[in-house]
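What follows is the residue order along each chain.
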Amino acid sequence: MNIKRILKGAGIRSSYGTMGAAGVVLIEDTRRILVDVGHFGIRDPLLREMNRAGVQCKDIDAVVLTHLNWDHCFNVDLFPNAQIIVGVDEMEKGTLSGVPDGITPAFKSYLSTLNVLTVSDGYKITPNVSIVYTPGHTPGHVAVSAKDGKSHTIMTGDAIPNLRAYRRGMPDLAFYNETMARESVSKIKSLKPDLIIPGHDAPFTDQGYTELDSVDIIMREEQEVNTVLTFGKTASDRPVVFNA
Ligand SMILES: [Zn+2]
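All values reported here derive from a predicted model rather than from experimental measurement.

**Comments concerning the sheet that holds strand β1 (residues 2-7)**
Here comes step 1: Strand order in the open sheet formed by six strands is β1-β4-β5-β6-β7-β8, with mixed pairing between adjacent strands. Of all strands in the sheet, those with a lone pairing partner are β1 and β8 (116-119), marking the two edges. Going from strand to strand, the sheet's axes swing by 25 degrees on average, the running direction of each strand aside.
Here comes step 2: Direction of pairing for strand β5 (residues 32-35) relative to strand β6 (residues 62-65): parallel, over a ladder of three bridges. When the sheet's bridge partners are listed, Ile33 is paired in β6 with Ala62.
Here comes step 3: Relative to the sheet, helix α1 (residues 43-52) contacts β1, β4 (24-28) and β5, its axis offset from that of β1 by approximately 145 degrees.

**Section: empty space enclosed by the protein**
Here comes step 1: This model, assessed by the stated rule, comprises one cavity of 30 Å³ or more.
Here comes step 2: As a volume, the largest cavity reaches approximately 60 Å³.
Here comes step 3: Lining of the largest cavity is provided by Gly23, Val25, Val35, Asp36, Thr66, Met155, Gly157, Ile197, Pro198 and Gly199.
Here comes step 4: At the level of secondary structure, the elements contributing two or more residues to the lining of the largest cavity comprise β11 (152-157) and β12 (195-198).
Here comes step 5: Of the residues assigned to the lining of the largest cavity, the class counts are five nonpolar, four polar and one charged.

**Some thoughts on the domain arrangement of the chain**
Here comes step 1: Split into domains, the chain comes out as domain 1 (2-211) and domain 2 (212-244).
Here comes step 2: Here the C-alpha centroids of domain 1 and domain 2 sit 25 Å apart.
Here comes step 3: Approximately 660 Å² of surface area, both sides summed, lies buried where domain 1 meets domain 2, with 55% of it carried by carbon and sulfur atoms.
Here comes step 4: The largest contributions to the domain 1 side of the interface with domain 2 come from Ile12, Tyr209 and Glu211, which together make up 57% of the buried area.
Here comes step 5: At the junction of domain 1 and domain 2, the tally comes to two salt bridges.
Here comes step 6: Our enumeration of links across domain 1 and domain 2 arrives at one residue pair in polar contact (both at pLDDT 80 or more).
Here comes step 7: Split into classes, the residues belonging to the side of domain 1 that touches domain 2 amount to four nonpolar, one polar and five charged.

Analysis parameters
- Residues numbered from 1 in each chain as written.
- Predicted model: local features only at pLDDT ≥ 70, side-chain atom pairs only at ≥ 80, totals over all residues.
- Heavy atoms only, no water.
- Pairing = 2+ DSSP bridges.
- Helix = DSSP H or I, 4+ residues; strand = E, 2+ residues; numbered from the N terminus.
- Axes fitted to C-alpha atoms, helices over the stretch in contact; angles between N-to-C directions.
- Contact = heavy atoms within 4.5 Å.
- 1 Å grid on protein atoms, 1.4 Å probe; cavity = no way out; pocket = protein on both sides within 12 Å on 5 of 7 lines; lining within 4 Å.
- Points joined across faces, edges and corners; volume = space filled by probe spheres on them.
- Nonpolar A, V, L, I, M, F, W, Y, C, P; charged D, E, K, R; others polar.
- Domains from an automatic or database assignment.
- Buried area = accessible area lost by both parts, 1.4 Å probe.
- Salt bridge = Lys/Arg side-chain N within 4 Å of Asp/Glu carboxyl O.
- Polar contact = N/O pair within 3.5 Å; in protein donor to acceptor, adjacent residues only side chain to side chain.

Right, dumping it as C-alpha cells:
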C-alpha cells in the first residue's frame, strides 16, 4: 500500500474569510482511493499534482468525501469512474457550509447522479482501508484508516483538522455536535495510529509534525509585482513568516 499527499492541507484564513485549503490524499492499495478532492480554488493544483504523481482522474476507483463542506468536495466531478463514498448521515443531513444553506440541495442532487455509496462505521473500501465514523464536526463525517502489516495511518479530515485540535481533543469547529466531535477525536486516538494526516495541516504523530509544510500567500498588487508571504513551521510547531 502506498499513501501520498497529493495536495497539502493548510489552515488558511484571513480577515477577508477562509481560503479553505483541504488536503487531498491518494491511497494506492488494491483500489486507487482519493480522500477528499478540495474546492475549485485548488482544482488546477490538484490536476497538476495528480499528473506529477502519474495518476489520471479516470484511474481513481473511489473518492471518499470525509464530509460535504465545500472545501472538501467540489472537485468530485473530475473522477468519472470513481465510486463516491460518503457517510450515511452526511448524505442525509450534511451541508456545504456547515449550517443550512440554499445551495446544498442542488449539490446533493448532482451527487445523486454519480455512483454514490453511503457508508457507516467499519465499511471496508479494501481489506486494508476502512471507514472510521467520526461525526460531530458535521453529522456524518468519516475518517479513513489505512493499515497494512507495517503501519497504520488515519486521514482524519476535519474531525481532527490540525495538530492543535488533536492536542485539544476537539476540532476547531463543531457544526453539528460538540460532544460527538470530542468523542470522535478520542475514538481516533484510541485506534493508536502511527501517523495522522489531518484535513488542514501537515502530518503528525503524538510527538509532533513529521513534515514541515510551508505555504505562499500571494497578493496581486497594482503594479505587475506580487507580494509573496511564505509561512512555515519550525520544529517547535510555531508558525513563522520566512520572508515578506
Ligand atoms: Zn475543511
